[in-house]
Structures are given as C-alpha cells and as structure tokens.
Amino acid sequence: MLKTLYTAGLFIAATCMFGNTAKAQLKGFSIGPYVETGTPVGDFKETNNTGFGGGLNADIKLIAGFGVTGSAGFMYFPGKTYQTLNENNQTISIKGESLKALPVRVGLKYKFGFPLLYVKVEGGTATFVGGEGDHFKGTAAILAPGLGIRFLGLDVEAKYEAWFKNSTRGFFGLKAGYNF
C-alpha cells in the first residue's frame, strides 16, 4: 500500500510540477479531477454493488492524434448481501466485503479524425486498502480499454475495467472529468 501511495504521490507531484512547463512547450498538456462509477459484472456483481470514486487525470498530446494519459485515484465498491448454502445445505445470507482500492493507470489515447471522439487503453495497478479478507489485500493488475468524448475540457468516457488478482474483478465504468 505504501508503494502505491508513493507512486500516486510521485505521479501527482510530477504532473503538477511539470504541468505549466509542458503546457507552454507542448500546447497539449492537461490535468484535472475526475469522478467515476463502476457497475460490477461476472462474479464480482454477486458480492459487490455499484462503486464510485474519483481522482486526478493527466493527458499529454503527442503526434498524429496519439497521446499519453494517466490517472491516480480511489475506488469504492460496497459489499452486498447475497444468498449461499452452508455445509448443511441450508440457505444463509452473507454480507459481502466492501472493496476499497487506489488505482494508478497509464496508457495511450488516440483521437479520431473527428476531434471530439477518442479511444484509449490503460494499464496499471490497484492497491486494495482497508479490506478484511485475504482476497481484498495486496495489489491487482489493471487493464482498461475505453471510448470517450472530450469537449471544451469536459471529458466523458465509457470503459470496461478488469482487475486481475487471484480472479478477475471487472466492471463497466463511466468516468467524467474536467481538464485544465
């Protein structure tokens, strides 16, 4: 956890420190806050409800529609009550554990000829924090392809994000932010 906090802190500090310089030189650097929501799919939807989170996002335009993107934030998926069978074949209710994580993502972004629409793919890590069970401890790998629209600094993205650690925890997400 300390390693991820350190990495997220370095990412935020670097983007803030070099932001004005990069913006002046590249005319293509932007940074800003975001909020997101995620609807679990697969086995993940059986134990957890729709999640939400937020953080800081940065983009750097490169050449020919390509860019580099990154984000650091927090996500929370509340546990939900579900039914299962005990050893005596009786139905019992179990409250799922809430998932709290610090995702750090980096990736590539491509803007189509139509200047508002883009696709991107990100990878990174999600460090689980505050979990009680072993399955919500440690760090998971992230893969997150998405499709978005950016207009006058407002950035809205639809994505699928998968976290890999022992099993896959996937969710469909909607991310909205404002980049300066």
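Up top is the structure.
Residues numbered from 1 in each chain as written. Predicted model: local features only at pLDDT ≥ 70, side-chain atom pairs only at ≥ 80, totals over all residues. Heavy atoms only, no water.

**With respect to the sheet that holds strand β10 (residues 167-178)**
Two strands in a sheet stick together by hydrogen bonds in their backbones, pointing the same way (parallel) or opposite ways (antiparallel). Pairing is antiparallel around the closed barrel formed by eight strands, whose spatial order is β1-β2-β3-β6-β7-β8-β9-β10. Direction aside, the axes of adjacent strands within the sheet are offset by 25 degrees on average. Here eight bridges tie strand β1 (residues 29-41) to β10, and the two strands are oriented antiparallel to one another. For G38, the partnering residue across the bridge sits in β10 and is G173. (Pairing = 2+ DSSP bridges. Helix = DSSP H or I, 4+ residues; strand = E, 2+ residues; numbered from the N terminus. Axes fitted to C-alpha atoms, helices over the stretch in contact; angles between N-to-C directions.)

**Remarks on the side chain of N57**
By the secondary structure assignment, N57 is in strand β2 (residues 51-61). Excluding residues within four positions of it along the chain, N57 makes contact with S30, I31, G32, Y34, T69, G70, S71, K120, K175 and N179. (Contact = heavy atoms within 4.5 Å.)

**A closer look at the packing of aromatic side chains**
Tallying each qualifying case throughout the model produces ten aromatic pairs. Relative to W163, the ring of F77 lies with its centre 6.1 Å away and its plane at 85 degrees, an arrangement referred to as edge-to-face. You can see F77 sitting in strand β3 (residues 66-77) and its partner W163 sitting in strand β9 (residues 154-165), a full 86 residues away along the chain. Pair check on accessibility: F77 and W163 agree, each one buried. For the pair W163 and F171, a centre-to-centre distance of 5.7 Å together with 85 degrees between the ring planes defines the contact as edge-to-face. With respect to class, W163 is no different from F171; both count as buried. Put simply, the rings of F44, F77, F128, W163 and F171 touch in pairs and so form one group of aromatic residues. The ring of Y118 carries the charged tip of K109 above its face, separated from the ring centre by 4.1 Å. (Phe/Tyr/Trp six-rings, centres within 6.5 Å; stacked < 30°, edge-to-face > 60°. Buried < 20%, exposed > 50% of the residue type's maximum accessible area, 1.4 Å probe, protein only. Lys NZ or Arg CZ within 6 Å of the ring centre and 35° of its normal.)

**Topic: the nonpolar core**
Grouped together as the largest cluster of nonpolar side chains are 13 residues, with contacts concentrated most on F77, L99, A101, F128, W163 and F171. Sorting the residues of this core by element identifies β3, β6 (99-111), β7 (117-128) and β8 (139-151) as the ones contributing at least two each. Looking at this core element by element, the count peaks at three residues for β8. Residues in contact with F77, not counting those within four places in the same chain, are G38, P40, F44, N48, N49, T50, G51, S98, L99, W163 and F171. (Core = buried A, V, L, I, M, F, W, Y, C linked by side-chain atoms within 4.5 Å.)

**Some remarks on empty space enclosed by the protein**
Applying the stated criterion across every chain, the model contains one cavity of 30 Å³ or more. Empty space within the largest cavity amounts to approximately 60 Å³. As for the largest cavity, its lining consists of Y34, N57, Y118, K120, D155, E157, K175, A176, G177, Y178 and N179. If you list the elements that add at least two residues to the lining of the largest cavity, you get β7, β9 and β10. Sort the elements by how many residues they give to the lining of the largest cavity and β10 lands first, with four residues. Looking at side-chain class alone, the lining of the largest cavity contains four nonpolar, three polar and four charged residues. (1 Å grid on protein atoms, 1.4 Å probe; cavity = no way out; pocket = protein on both sides within 12 Å on 5 of 7 lines; lining within 4 Å. Points joined across faces, edges and corners; volume = space filled by probe spheres on them. Nonpolar A, V, L, I, M, F, W, Y, C, P; charged D, E, K, R; others polar.)

**Overview of the pattern of salt bridges**
Scanning all chains against the criterion turns up nine salt bridges. The salt bridge partner of R105 is E36, with a shortest N-O separation of 3.1 Å. With R105 in strand β6 and E36 in strand β1, this residue pair connects regions lying 69 residues apart in the sequence. Overall, E36 belongs to the buried group, its relative accessible area being 5%. Salt-bridge contacts for D59 lead to R150; the nearest nitrogen and oxygen are separated by 3.0 Å. In this pair, D59 sits in strand β2 while R150 sits in strand β8, placing the two residues 91 residues apart along the sequence. A relative accessible area of 5% places D59 in the buried class. (Salt bridge = Lys/Arg side-chain N within 4 Å of Asp/Glu carboxyl O.)

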